[in-house]
Amino acid sequence: MLLQVSAATMAEGASLPPAGASACSGCHAANTAGTLVPSLLGRNPVDIEAAMRDFRNGSRPATVMDRIAKGFTDDEVKAIAAWYGAIKP
Amino acid sequence: MAAGLTAGLPLPAFARGAAGQVVVVGGGFGGATCARAVKRLEPGLTVTLVEADPAATYTACPFSNEVIAGARGLGEQQFRYDKLAADDIAVCFLPALAVDPQHQVVTVADGRKFPYDRLVLAPGIDFRGGDPPGYGEAAATLMPHAWKAGPQTLLLRRQLQAMPEGGTVVITAPENPYRCPPGPYERASLIAHFLKTNKPRAKLLLLDAKDTFSKQKLFQNAWAALYPGLIEWVSLSQGGKVTAVDAQAMTLATDFATHKADVANVIPSQKAGGIAAIAGVADKTGWCPIDPVTFASTLQPNIHVIGDAAVAGAMPKSAFAANAQAKVCAAAIVASLAGDPAPTAKLINTCYSLVAPDYGISVAGVYHAADGKLLDVEGAGGTSPIDAPPERRAAEAAEAKAWFRAITAEVFG
């Protein structure tokens, strides 16, 4: 997410956030202790994509993420996951 | 040169970056987020934040209902701008008094002028005078609105604590649109929680200018379960619209009755914060029409409006939405200054409400630009389930708290 990206990371050529990515950090902060709402920085994009897919199809228990995941296409999720995965925590 | 807090000094000419100047008016969830996002995306831009609070402190509204109910301290709601200054954002703690859209200059209260290539207005809300009739600044010292957090929050809390047993609390809820659609109902819930514990014979009357409200079924089911007989909601059709208030007499009149209150919380009708009309970006509704992709005003060039002040289609007026809009707006501004097309945007909102400290409910939405408006993405979003075990409600309450920590860390940390 924009604000968790250090100036150094931006200078190293991190790309602009793809559609939807910047809204995630409203809840998914970089520095959350514990796993209640986990940080997305540096996570394996495959894991983020799988989680979003499972939220969307209802196979992963959710409070709010099922409702949010249904708002994103596979391509959008792929781009968001890749973007977060590329940012060093 | 590091631009620190510029409370007393004009910006020297050499400090104006050649790459462009972005001025943001309003240091809340929208404006502070936008200033930081612009600076992070393009460090070469000169970013100035104009914030009216002379104490250089932001007092957040989300969770202020817990302060009112005596379950939280106001200090937990307060944030400062040191980290923005450390990000090389020039922060000026004065109200903006004028905007010249032709010459692209903002004038602040001491006469200093801030030229801009792009201006972001995030002024939040102001109250429409005399709506309800009889309500204004003087009345607010007796019947607080507490719809801008700070001294009003503490005033309402003190009044509730001092209320005699068996008293009546009256809350009035305005017509749409207004800041924080579920807010009056969360407030009723948490005040009921306070009353049930501390003043069990008290009653709460909620006079509404509407016939429906956000998460209504969830709230009403929870009220019946947690606070039976305590909260009476009077809808518009049942005569809930307040036609006059008398703050001295502590009475609130509707078409059907005059109600005497021991404590009265009037949530007045609202409009965009005053600088919006001054800048010419507010329409006759009092709110600011914007482009759904860039948040650029449709009424004035090179001015963007975000947060509560904006007409943001299906997005509600919430802190979460303001923060999301701010980041999209920042990306659009940076692209525009670089001569690039605006990025495609998708936005999210999630509004949490606490019906009790351990009982949370939420409404979420995902939005995109279509037909010139911000619309809900079909099939996404929605509310918490109508029936859910206590563990689910407790989980959402915990997530609400986690959200507040995350978002305030992002904006001010």
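Residues numbered from 1 in each chain as written. Chains lettered and ligands numbered in written order. Predicted model: local features only at pLDDT ≥ 70, side-chain atom pairs only at ≥ 80, totals over all residues.

Residue and element names in this part refer to chain B. With respect to topology, 3 strands assemble into an open sheet ordered β6-β7-β8, the strand pairing being antiparallel. Every interior strand has two partners, whereas the edge strands, β6 (96–100) and β8 (113–115), have only one. Strand-to-strand twist of the sheet, defined as the mean angle between neighbouring strand axes without regard to direction, takes the value 20°. Two strands pair when backbone bridges link them, and β6 and strand β7 (residues 105–108) are joined in this way by 4 bridges, in the antiparallel orientation. Counted as the bridge partner of V99 is V106 from β7. (Pairing = 2+ DSSP bridges. Helix = DSSP H or I, 4+ residues; strand = E, 2+ residues; numbered from the N terminus. Axes fitted to C-alpha atoms, helices over the stretch in contact; angles between N-to-C directions.)

Our focus in this paragraph is the domain arrangement of chain B. Residue and element names in this part refer to chain B. Once the domains are mapped, chain B shows domain 1 (13–126 + 271–342) and domain 2 (135–268). For domain 1 and domain 2, the distance between their C-alpha centroids amounts to 31 Å. Tallying the contact residues gives 18 residues for domain 1 and 20 residues for domain 2. Element by element, the count of residues in the side of domain 1 that touches domain 2 is highest for helix α2 (residues 64–68), at 5 residues. Looking at the side of domain 1 that touches domain 2 residue by residue, the class counts come to 9 nonpolar, 6 polar and 3 charged. (Domains from an automatic or database assignment. Contact = placed C-beta atoms within 7 Å. Nonpolar A, V, L, I, M, F, W, Y, C, P; charged D, E, K, R; others polar.)

Further remarks concern the packing of helix α1 (residues 31–41) of chain B against helix α9 (residues 319–337) of chain B. Residues and elements named next belong to chain B. At a closest axis distance of 8 Å, the pairing of α1 and α9 adopts a crossing angle of 35°. Once α1 is placed against α9, the crossing between them reads as right-handed. Two secondary-structure elements touch here, α1 through T33, C34, A37, V38 and L41 and α9 through N323, A326, K327, C329, A330, A331, I333 and V334. Looking at the contact of α1 with α9 residue by residue, the class counts come to 10 nonpolar, 2 polar and 1 charged. (Left-handed = near helix turned anticlockwise from the far one by under 90°.)

With that settled, the discussion passes to the sheet that holds strand β9 (residues 118–121) of chain B. All names here are of chain B. Strands sit in the order β5-β2-β1-β9-β20 across an open sheet of 5 strands; the sheet is parallel. Each having just a single partner strand, β5 (90–92) and β20 (303–305) make up the two edges of the open sheet. On average, each strand axis in the sheet is tilted by 20° relative to the strand beside it, whichever way the strands run. The pairing of strand β1 (residues 21–25) with β9 spans 4 bridges and is classified as parallel. If you follow V23 over to β9, its bridge partner there is L119.

Taken residue by residue, the interface counts 26 residues in chain A and 37 residues in chain B. When contributions to the side of chain A that touches chain B are tallied by element, the ones reaching two or more residues are α1 (7–11), α2 (21–24) and α4 (65–69) of chain A. The residue makeup of the side of chain A that touches chain B, split by class, is 15 nonpolar, 8 polar and 3 charged.

Residues and elements named next belong to chain B. One can find Y185 in helix α6 (residues 183–198). Since 29 C-beta atoms lie within 10 Å of it, Y185 is described here as buried. Here the alpha-carbon distance between Y185 and T294, two residues 109 residues apart in the chain, equals 32 Å. (Buried ≥ 20, exposed ≤ 12 C-beta atoms within 10 Å, placed from the backbone.)

Turning next to α9(B). Its 19 residues give α9(B) an end-to-end C-alpha distance of 27 Å, which sits within 8% of 27 Å, the value for a rise of 1.5 Å per residue. The first or second residue beyond α9(B) is B:G339, which carries a positive phi of 80°. (Expected span 1.5 Å × (residues − 1).)

Residue and element names in this part refer to chain B. The share of residues in chain B with pLDDT of 70 or more is 96%, and the mean pLDDT across the chain is 95. Under a pLDDT of 50 for its full length, residues 1–18 has, in the predicted model, 22 contacts with residues more than four places off or in other chains. The ipTM assigned to the predicted complex is 0.90, against a pTM of 0.93. (pLDDT = per-residue confidence, 0-100.)

Moving on: the pairing of strand β11 (residues 168–173) of chain B. All names here are of chain B. In terms of burial, β11 is largely enclosed, as 5 of its 6 residues are buried. Bridge count between β11 and strand β12 (residues 203–208): 6 bridges; the pairing is parallel. When the bridges of β12 are listed, V169 appears paired with L204. The β-α-β motif built from β11, the intervening α6 and the parallel element β12 has right-handed crossover chirality. Both β11 and strand β17 (residues 263–266) contribute to a ladder of 4 bridges, which runs parallel. Counted as the bridge partner of T172 is V266 from β17. (Right-handed = clockwise from strand over helix to strand, strands pointing away.)

Before going further, it helps to spend a moment on the packing of helix α3 (residues 45–56) of chain A against helix α5 (residues 74–85) of chain A. All names here are of chain A. Contact geometry of α3 with α5 gives a least axis separation of 8 Å together with a crossing angle of 140°. Considering the relative orientation of α3 and α5, their crossing is right-handed. Between α3 and α5, the residues in contact are P45, I48, E49 and M52 and V77, K78, A81, A82, Y84 and G85, respectively. Among the residues forming the contact of α3 with α5, the class breakdown is 7 nonpolar, 1 polar and 2 charged.

On to the confidence of the model for chain A, then. Residues and elements named next belong to chain A. When the pLDDT values of chain A are averaged, the result is 83; 78% of them are 70 or greater. Least confident of the elements in chain A is α1, whose mean pLDDT is 37; most confident is α4, at 98. Counting interchain partners and residues more than four positions distant, the pLDDT-below-50 stretch residues 1–14 has 30 contacts.

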